[in-house]
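Reading the structure
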Amino acid sequence: MDPLELQAQALAEKALPETAPNRAAKLPAVRQKILERLKLQAAAPPVAPPHLALAVPKDPPEVPPVVPPTPDERLEQLKVDGTELCGDEAWFADTQLREGLRAAVREAHREQKILMASAAEEVSRIAGEGGFQRPSALAVLRLGGAQLGGYGEGDIAYSFRQLSRVLHPDKNPDLAQADQAFHRLSEAADELRKGLQEQRRLVIWFASATSQQVPDSVMERPQEPLFAEACRLLTVICGLAGEGLVTIVARGRALSLFTSTYQGCRAPELLGLWFDRPQLLEAMASPSMRIAYDCAAKRYRAQFLCLLSRVLAAEVKRTGALPRDGWKKIAETFPELVLWQDLREQIYQRCWMVGADDPPGMAGIDRSRSPARALRSRWARKWRKAMAAILPSGEDTAAPAADPEVKKLAHVMWKDIVAVAEREPHGSGPKRALGLFRAEHHSPATFGRSSAKDRPSVEATEWCFIPSSDIFLVVGEDLIGMTLEGLFADNAPGQKRLSLAECYRKRDSPAPKAAAVNQARPSNGQVLQVVEDVVEVSPEEEPKVSEPTLSDLLGLGR
């Protein structure tokens, strides 16, 4: 028997319950209709929407698969206690991790039980009466969200059958709104089916922008591949455009890395496609992207918001003009982005002396040539010295976001930032923004990970994501740069990196090891002396925040 016929037979048997009257007589007709629909779908491969068609190559070149990190490398990204993810993670390139996410979604749907209220309550809920607001299509069918992690045609059909048994007008002749509720249920199912096709088109388009090929096996529930390709695209745009202070040498290394990783994709064309044309930006603001965002794990949602914010900053820096109108739609689709911008602005303002005349803003004027330049606060100078010490020179190489010293410093700085944001009035933007990064205590299996195996202390996690790249770029303005290769500082070529423990060495304690380093590397003596000043406590201009101790820093990597 043909594979499509087998699939049609299975779907028909699933669609007709065994208790249905005249099941044997109805089964062939149902199977035939399903078979016809499957043949139509097989004969009509997904095609990009008309306004996107110019960007999709007809025959994308074959790209060798990106080698996923080993299990040890994935564990390395999870070592910071109390945090699920510290810094950007290329999870979209980890085929093993993504397969685990999809397997968890399949298991969640397998165990799903739709608990329904009485017919009268369900009718009121779907029809939007009796104090109920008119629900969205996803809410009508009780689909979507991070708990389930995605949905496909089979999930829509299952939810529709379960709800229609309760809502059907023939079973509820005494309910005046039963017809309206059942009609809304049918409309919602059709709307979601059409949405799945749009999501699949966007997956193909986003993937083709970076010369990726998406197998059909992952398209059953397209929300995960759509969100993954969107994150990949934003990461590449940020890494190619360059963030912060990027030298010509560092930009050249990033371009070389991009060429070797994304073969068949040309950097100038990709940057032009994003910055000079509106279609990609409009697609990012589409309802399909919002659905994919809501179905993702919270740590990846937080990373996505940070990527959007940094792409916006890269666009303003590249064009020297106000953002395009498409960003307004982005803010409407992802209102959480405004909260994160509020917190990011608070961090930036804290980097400058209190009471400075005409203090700069994140979107303000470059003050590098201003005679009345505002002075950086001691709080900012303290952390900038540590950044310069632990990061390599941009002329030499870059430290990846998963670098242990980068993660340790980001974690300590995040605790300091949170301590100040927590003192904001209740309901303020920065304080509410912390909720974007707090961990959700769902079952780890929901998102494809086992707490007993991968992370014993996951139950005690406080943060799902720490935006280390954003912290470094904001506090380290005019000092830190970032590309696809990683983070680096505006240090002299050849300068050797220090560990965070060396940065926080106490001046009044014997330091034979540091002395030996000074003797071996006299040219770095000034750097070591500057880093020793990091332990200075900020004066009265700064809020009193407890300084990390050496034991705190050394214990971060346990």
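Residues numbered from 1 in each chain as written. Predicted model: local features only at pLDDT ≥ 70, side-chain atom pairs only at ≥ 80, totals over all residues. Heavy atoms only, no water.

As a further point, take the overall build of the protein chain. From N to C terminus, the protein chain includes 25 helices and 3 strands. Long-range contacts, defined here as pairs at least 24 residues apart, represent 76% of the contacts in the protein chain between residues at least 6 apart. Counting only carbon and sulfur atoms, one obtains 56% of the accessible surface of the protein chain, whose full area is about 27000 Å². (Helix = DSSP H or I, 4+ residues; strand = E, 2+ residues; numbered from the N terminus. Contact = heavy atoms within 4.5 Å. Areas by Shrake-Rupley, 256 points an atom, 1.4 Å probe, with all protein chains shown as cover.)

Notably, Arg-142 is not glycine yet its phi reads approximately 55°, a positive angle. Tracing the backbone through its elements, the reader meets Arg-142 in the loop between α6 (137-141) and α7 (153-167). On the accessibility criterion, Arg-142 (29% relative accessible area) is partly exposed. At Asp-478, a residue that is not glycine, the phi angle is positive and equals roughly 65°. Tracing the chain through its elements places Asp-478 in the loop between α21 (468-475) and β2 (480-483). With a relative accessible area of 44%, Asp-478 lands in the partly exposed category. (Buried < 20%, exposed > 50% of the residue type's maximum accessible area, 1.4 Å probe, protein only.)

Residue alternation in β2 divides its side chains into two sets, Ile-480 and Met-482 and Gly-481 and Thr-483, and both sets are buried. Here 2 bridges tie strand β1 (residues 243-244) to β2, and the two strands are oriented antiparallel to one another. Considered in β2, the bridge of Gly-244 is made with Gly-481. Direction of pairing for β2 relative to strand β3 (residues 486-489): antiparallel, over a ladder of 4 bridges. Within β3, the residue paired with Ile-480 across the bridge is Ala-489. (Pairing = 2+ DSSP bridges.)

Another point: the nonpolar core. Formed by 111 residues in total, the largest nonpolar core has its most connected members in Phe-206, Phe-227, Trp-274, Phe-304 and Phe-472. With 12 residues, helix α9 (residues 223-241) is the single largest residue contributor to this core. Sequence-distant contacts of Phe-304, that is, excluding residues within four places in its chain, are made with Phe-227, Ala-230, Cys-231, Leu-234, Met-284, Met-289, Tyr-293 and Phe-334. Judged by nonpolar contacts, the second largest core, of 23 residues, contains Val-123, Ala-137, Leu-148 and Cys-295. (Core = buried A, V, L, I, M, F, W, Y, C linked by side-chain atoms within 4.5 Å.)

Before going further, it helps to spend a moment on the confidence of the model for the protein chain. A residue-level look at the protein chain finds 74% of positions with pLDDT of 70 or above and a mean pLDDT of 78. The least confident element of the protein chain is helix α24 (residues 525-532), whose mean pLDDT is 36; the most confident is α9, at 96. Low pLDDT, under 50, characterises residues 362-372; the predicted model gives this stretch 8 contacts beyond four residues in sequence or across chains. Across residues 507-558, where pLDDT falls below 50, the model places 77 contacts with residues more than four positions away in sequence or in other chains. (pLDDT = per-residue confidence, 0-100.)

Next up on the list: the pattern of salt bridges. For the structure shown, the criterion picks out 31 salt bridges. The shortest N-O distance in the salt bridge between Glu-84 and Arg-299 comes to 2.9 Å. Placement of the pair is Glu-84 in the loop between α3 (71-76) and α4 (95-110) and Arg-299 in helix α14 (residues 298-319), with a sequence separation of 215 residues. Residues Glu-84 and Arg-299 agree in their burial class; the two are buried. The partner of Glu-440 in a salt bridge is Arg-301, and the shortest N-O contact between them spans 3.6 Å. Here the residue Glu-440 occupies a position in the loop between α19 (429-433) and α20 (451-454), and Arg-301 occupies one in helix α14, the gap between them amounting to 139 residues. Taking the relative accessible area as the measure of exposure, Glu-440 reaches 28% and is therefore partly exposed. Connected via shared salt-bridge partners are Asp-88, Glu-243, Arg-310, Arg-344 and Asp-470. (Salt bridge = Lys/Arg side-chain N within 4 Å of Asp/Glu carboxyl O.)

For the coordinates displayed, the defined rule picks out 16 aromatic pairs. Aromatic side chains Phe-160 and Phe-182 sit 6.2 Å apart centroid to centroid with 50° between the ring planes, which places their arrangement in the tilted category. Here the residue Phe-160 occupies a position in helix α7, and Phe-182 occupies one in helix α8 (residues 178-209), the gap between them amounting to 22 residues. If you follow Arg-299 out to its NZ or CZ, it ends over the ring of Tyr-300, 4.8 Å from the centre. Note that Arg-301 overlies the ring of Tyr-293, its terminal NZ or CZ placed 5.8 Å from the centroid. (Phe/Tyr/Trp six-rings, centres within 6.5 Å; stacked < 30°, edge-to-face > 60°. Lys NZ or Arg CZ within 6 Å of the ring centre and 35° of its normal.)

This part is about the side chain of Asn-491. For Asn-491, the position within the fold is in the loop between β3 and α22 (500-503). Judged by its relative accessible area of 12%, Asn-491 falls in the buried class. In this structure the side chain of Asn-491 is engaged in a polar contact, spanning 2.8 Å, whose partner is the backbone oxygen of Ala-388. Among all residues touching Asn-491, those that are not within four sequence positions of it are Ala-388, Leu-391, Pro-392 and Ser-393. (Polar contact = N/O pair within 3.5 Å; in protein donor to acceptor, adjacent residues only side chain to side chain.)

What follows covers the side chain of Glu-122. Along the chain, Glu-122 turns up in helix α5 (residues 119-127). The class for Glu-122 is buried, based on a relative accessible area of 2%. Within the structure, Glu-122 has its side chain in polar contact with the side chain of Arg-125 (distance 3.0 Å).

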